[in-house]
Amino acid sequence: AQSVAQPEDQVNVAEGNPLTVKCTYSVSGNPYLFWYVQYPNRGLQFLLKYITGDNLVKGSYGFEAEFNKSQTSFHLKKPSALVSDSALYFCAVRDGGNNRLAFGKGNQVVVIP
Amino acid sequence: NAGVMQNPRHLVRRRGQEARLRCSPMKGHSHVYWYRQLPEEGLKFMVYLQKENIIDESGMPKERFSAEFPKEGPSILRIQQVVRGDSAAYFCASSPPRAGGRGTDTQYFGPGTRLTVL
């Protein structure tokens, strides 16, 4: 089965500083990778995905992610964090041909004003 | 274009009762996925359905849980004889069809139903 790991529980960053949320993957074959964000008591919102092509993927709300095959990573980044970016971030990988997603445990991001 | 709709948003049941969770996919989407989120955990896949068909139920518990997506109307996740361990947030996602019948890669999620079993 395909899987992703999010090694950190919480990421604290000062407003205006760069934000990085880490994700590593374990797959057989080509990975289909996703980032979602969850605000309190809300559903998941799609941020971006990597299927093929450029290793740097640009997504919603100024986020981007870099696919690194040699390090099996797909870290989420934002050059300048906003307080409103405080949320729970999930990395996911397509697991199997039926399009089901396998999620990481999530990272709580806290942006400090 | 309305997003994925789920109702109810909150559901309280006593042990032994039945819980019915509804999901209306985005307009034009014919693929529905159900996930469960336990406290302090990520989402776990439960079942994948297309209209009138269960495609993948590998994540569904073997007993008490069932899902359907009829030709007309919303998808239903049904939990019979609920127990305290069923307390969780249940999320539905949908995706549009792809040539060949499989869902495309991006799933769009609803707001979830938070089930509390007393």
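Residues numbered from 1 in each chain as written. Chains lettered and ligands numbered in written order. Predicted model: local features only at pLDDT ≥ 70, side-chain atom pairs only at ≥ 80, totals over all residues. Heavy atoms only, no water.

Asker: What is the right way to look at the interface of chain A and chain B in this model?
Answerer: How big an interface is tends to be stated in terms of the accessible area lost upon association of its parts. Every contact between the two is made by 21 residues of chain A and, on the other side, 25 residues of chain B. Both faces combined, the contact of chain A with chain B buries some 1800 Å², and carbon together with sulfur accounts for 47% of it. Its largest share of buried area at the contact with chain B, chain A owes to N98, N99 and R100 of chain A, together 30% of the area lost on that side. Seen at the junction of chain A and chain B, the total is one salt bridge. Between R100 of chain A and D56 of chain B there is a salt bridge whose closest N-O contact spans 2.5 Å. At the surface where chain A touches chain B, the tally comes to seven residue pairs in polar contact (both at pLDDT 80 or more). When contributions to the side of chain A that touches chain B are tallied by element, the ones reaching two or more residues are strand 5 (33-38), strand 6 (44-50), strand 10 (87-94) and strand 11 (101-103) of chain A. The residue inventory of the side of chain A that touches chain B, partitioned by class, reads nine nonpolar, seven polar and five charged. (Contact = heavy atoms within 4.5 Å. Buried area = accessible area lost by both parts, 1.4 Å probe. Salt bridge = Lys/Arg side-chain N within 4 Å of Asp/Glu carboxyl O. Polar contact = N/O pair within 3.5 Å; in protein donor to acceptor, adjacent residues only side chain to side chain. Helix = DSSP H or I, 4+ residues; strand = E, 2+ residues; numbered from the N terminus. Nonpolar A, V, L, I, M, F, W, Y, C, P; charged D, E, K, R; others polar.)

Asker: I keep staring at the side chain of N107 of chain A and nothing clicks. Help me out?
Answerer: Residue placement: N107 of chain A occurs in strand 12 (residues 107-112). There is a polar contact of 3.0 Å between the side chain of N107 of chain A and the side chain of Q6 of chain A.

Asker: Is there a simple way to explain unusual backbone geometry in this structure?
Answerer: It is generally the case that most residues other than glycine have a negative phi and that most peptide bonds are trans. All names here are of chain B. The residue after N7, namely P8, is reached through a cis peptide bond having omega -5 degrees. Mapped onto the elements, P8 comes out in the loop between strand 1 (5-7) and strand 2 (10-13). In this structure, R64 takes a positive phi of about 75 degrees despite not being glycine. In this structure, R64 sits in the loop between strand 6 (53-56) and strand 7 (65-68). Under the relative-accessibility criterion, R64 is labelled partly exposed at 25%. (Buried < 20%, exposed > 50% of the residue type's maximum accessible area, 1.4 Å probe, protein only.)

Without other data, these values stay purely geometric and don't point to any function.
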